[in-house]
Every structure is written in C-alpha cells, then in structure tokens.
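This is what each chain is made of:
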Amino acid sequence: MNILVTGGAGFIGSNFIFYMLDRHPDYRIVCLDKLTYAGNLSTLAPVMQNPSFRFVKADICDREAVYALFEEERFDVVVNFAAESHVDRSIENPSIFLQTNIIGTSVLMDACRKYGIGRFHQVSTDEVYGDLPLDRPDLFFTEETPIHTSSPYSSSKAGADLLVQAYHRTYKLPITISRCSNNYGPYQFPEKLIPLMIANCLADKPLPVYGQGLNVRDWLYVEDHCKAIDLVIHKGREGEVYNIGGHNEMCNIDIVKLICHELGKPESLITYVTDRKGHDMRYAIDPTKIHNELGWLPETKFENGIKEAIRWYLDNRPWWEEIVSGEYQNYYERMYGKR
Ligand code: NAD
Ligand code: TYD
C-alpha cells in the first residue's frame, strides 16, 4: 500500500505517520507538506532515513507539483491533513484558509480523479457542526447534525467537506470524511490551548484565558485519532462521514488549572482576556457510528493523556523553544499584546 499523507509535518499528520509506519511496516508513506509556520521538518527526523518513508516539500494548491507527484507515485490512499488549522489566525486573515483548505483539497481530489485512487480520506473537524449550548448537556453532534459554522476556519473546513461529498456524488470518487474533536499530545504547535498554557506556565508568563474560560471542548489523545483514521481508511464505508470523539468534555479553565497544578505553578498566573470573536461555546461528539461499525473506542484516558503530554513538552523543550523564540513572538504580540 502506497499512502500519501498531506500536512504530515504538522501535529496530527506527524503522529499519524509515526503510527502508520509502526503499525504497517510493509506500507510506504509519502508526506507532502508546504512547511508553513505550522510545519516542522525536525518533527519528522526520526523517520527521514526510513526506506518506507519519503518527504516532499510542496503546496497542495500547486496543481503541477501535485500532479507530478501522483504521476510518479501512483498512490492507493490519500489522507488529507494539510490545512490552516488555527481559529484565531482565521479571524485575523481568512483568505489563506479558503485557499489551502478548500482549493487545496479540490486540487488533491482532481489528482485522484486523473490518476485513480482507492480512497481519498478527508480529515475534518467537529467544528463544522457549529456549537452546542452549555445548558443542554444531552445534545451531541452526530453525523446527521447540520453543518452550521462559526469561524472562517470552520467554514473553510465545511466548504472542503461539501466539495469532498460532491466529488463522491458527481465523479464517484471513493471518499471518506472523519470529523474529530480537539486533539492534544506530542508535537502540537504552541499556539493551541494546551501547549500554549504549558509553555507559558514553564516561563512563568500570564495564562491568557478567553472570556470566562467556560467554553467546553471534547479532548482526545492524538494517537486515538490516528487509530480511528487507520480504521476508517481500511474498513470505513465509501462516501461516509465518521465522527471521532471520546466523550471527554472539559471547560477551558479546568484544563488551565490542571496544567498549573501538574507543573506546580500558581493559579495566579491565570489572566482573563477579551473573548475570541464568535467563540463557540461547546463541542461534543457522539461517536456511536464509528464504535458500532468499526469497533473504535478511545484508549487513553484524559487524566493519563494530559500527564503524558505535559511530560512530552518537558522532555522535548528544544522542539518548542525553537518555535516560540522565532516568528511566533510577533504572532503572540499581535494576538495577546493588547488583549
Ligand atoms: P497543524 O496546523 O499542526 O498542521 C498543518 C500542516 O499542514 C502543517 O505541517 C503545514 O505545513 C501543512 N500545510 C498547511 N498548508 C499547506 C499547503 N497549502 N500545502 C501543504 N501543506 C500545508 O494542524 P493539525 O492540528 O495537525 O490538524 C491537521 C488536520 O486535522 C487539519 O485538517 C485540521 O483541520 C484537522 N483537525 C485538527 C484538530 C485539532 O485538534 N488539532 C481536530 C480535528 C481536526
Ligand atoms: P484552540 O486550542 O485554539 O482550539 P479550538 O478553538 O479549535 O477549539 O482553543 C481551545 C479553547 O481554548 C477555545 O475555547 C479557545 C480557548 N483558548 C483560550 O482561552 N486561550 C488561548 O490562549 C487559546 C489559544 C485558546
């Protein structure tokens, strides 16, 4: 099996590559990544010399480069992780989100049509369903929940999902889509909640909690997401959407307090800042379909996973310290300076 993984130098894509090379040593994995601010080649250093792995630096929007790679490699499966992924950046500048997340996905699918494919898998997000109210804990997102987006990020992901479904219906492209809740774990870029709070805690910097910190996310350890995608590409039904989430809802402030506690830092570092525009209140996945059809269940409990994640950031300081010492400082100043 020859698998193209796009966006594999990012957080979830790199974890997926490690998982797949380990789980299926007879597979060949090609990673195509533009190496944007969020892509980090050093992350892939452990597999660079693996003969079953190849890295290609390219933009999924670059039709010529994508077609040339497909011509050369003849992939059996494409798993599309490549995306602009941070909501706050999408609020600041939506256009690159439309370009990469929608146009890029269409270029990849055009290549699949032209050269043939066994499966095109789109890695989507629970954010396409919009949000749920805090006072209705009985409500969850199912695969039938209407698309109802809030941010330019989630709208661009929803646009891509609709296009993927259109290519299935119109061109019979063999697709699947997975919509996962918030991931955490090794190699997550420090702009996202959990690594940002860990990095700031370790530097004794203020911990910027948006609004009142009551927003709820359904957290899943990244390896559980990788396992779910592995199942969907092998056993998932063509044309179907699978929700992925572990019934692990936590409000932001509880997570930040937990990180303070684990790192032995005072909660007085917590600073409430101006809320995110259009901030989604609660995400909560109903994973019944993937459980019943494919037998998937999350394996890592949050209380263990968060400790493992914190341990990883403590043990791998050079990885994230290099990031936060560079261009990230300008981003941080823009995003948090006058907040
Ligand atoms: P990330 O931002 O860490 O990584 C994105 C990767 O894509 C980077 O390596 C970047 O260089 C690459 N990339 C960006 N634009 C590209 C382009 N035009 N061409 C080629 N490569 C490009 O993102 P992530 O958190 O790993 O998310 C991966 C996917 O999973 C995304 O599609 C995201 O929407 C989805 N997702 C993420 C989460 C989460 O909690 N992080 C949850 C559900 C779904
Ligand atoms: P984030 O990690 O950006 O993921 P998403 O917005 O895609 O769910 O944010 C998770 C939650 O944490 C979200 O409710 C926004 C909040 N948040 C903060 O309170 N402070 C921060 O500095 C960041 C980055 C996020």
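Further up the page is the structure itself.
A. Highlighting the overall build of the chain. Scanning the chain from N- to C-terminus turns up 12 helices and 13 strands. What you see for the chain is a C-alpha radius of gyration of 19 Å, in line with the 20 Å of a compact globule of 339 residues. Here the C-alpha coordinates of the chain stretch approximately 55 × 45 × 35 Å along the principal axes. Classification of the 339 residues of the chain by burial places 57% in the buried group. Taking the contacts inside the chain whose residues are at least 6 apart along the sequence as the reference set, 83% of them involve residues at least 24 apart. Only carbon and sulfur atoms are counted for the fraction: they give 50% of the accessible area of the chain, which is about 14,300 Å². Taking the average place of the 35 positive charges on the side chains of the chain and the average place of its 46 negative ones, the gap between the two points comes to 2 Å.

B. Looking closely at the site of ligand 2. In the vicinity of ligand 2 lie 19 residues, with Glu-127, Arg-217, Arg-276, His-279 and Tyr-336 positioned nearest. Here an oxygen atom of ligand 2 and a side-chain polar atom of Glu-127 are 2.6 Å apart. Between Asn-252 and ligand 2, the recorded distance is 2.8 Å, taken from a side-chain N or O atom to an oxygen atom. Calculation on ligand 2 without its partners gives an accessible area of 510 Å², and the protein chains cover 97% of this total. Put simply, the parts of the chain that give the shell around ligand 2 at least two residues each are α6 (193-202) and β8 (207-210). A breakdown of the residues in the shell around ligand 2 according to their chemical character gives nine nonpolar, five polar and five charged.

C. Structural view of the sheet that holds strand β3 (residues 53-57). Across the sheet, which stays open at both edges, the seven strands sit in the order β3-β2-β1-β4-β5-β6-β11 with parallel pairing between neighbours. Every other strand in the sheet has two partners, leaving β3 and β11 (241-244) as the edge strands with one partner each. With strand direction ignored, the average angle separating the axes of adjacent strands in the sheet is 20 degrees. Sheet topology note: the strand β5 (residues 119-125)/strand β6 (residues 175-180) ladder contains six bridges and is parallel. The residue bridging His-121 from the neighbouring strand is Thr-176, located in β6.

Cut-off values and rules
- Residues numbered from 1 in each chain as written.
- Chains lettered and ligands numbered in written order.
- Predicted model: local features only at pLDDT ≥ 70, side-chain atom pairs only at ≥ 80, totals over all residues.
- Heavy atoms only, no water.
- Helix = DSSP H or I, 4+ residues; strand = E, 2+ residues; numbered from the N terminus.
- Rg over C-alpha atoms; globule rule 2.2 N^0.38 Å.
- Buried < 20%, exposed > 50% of the residue type's maximum accessible area, 1.4 Å probe, protein only.
- Contact = heavy atoms within 4.5 Å.
- Areas by Shrake-Rupley, 256 points an atom, 1.4 Å probe, with all protein chains shown as cover.
- Lys, Arg positive; Asp, Glu negative; His and termini not counted.
- Charge placed at Lys NZ, Arg CZ, Asp CG, Glu CD.
- Near = heavy atom within 4 Å.
- Polar contact = N/O pair within 3.5 Å; in protein donor to acceptor, adjacent residues only side chain to side chain.
- Nonpolar A, V, L, I, M, F, W, Y, C, P; charged D, E, K, R; others polar.
- Pairing = 2+ DSSP bridges.
- Axes fitted to C-alpha atoms, helices over the stretch in contact; angles between N-to-C directions.

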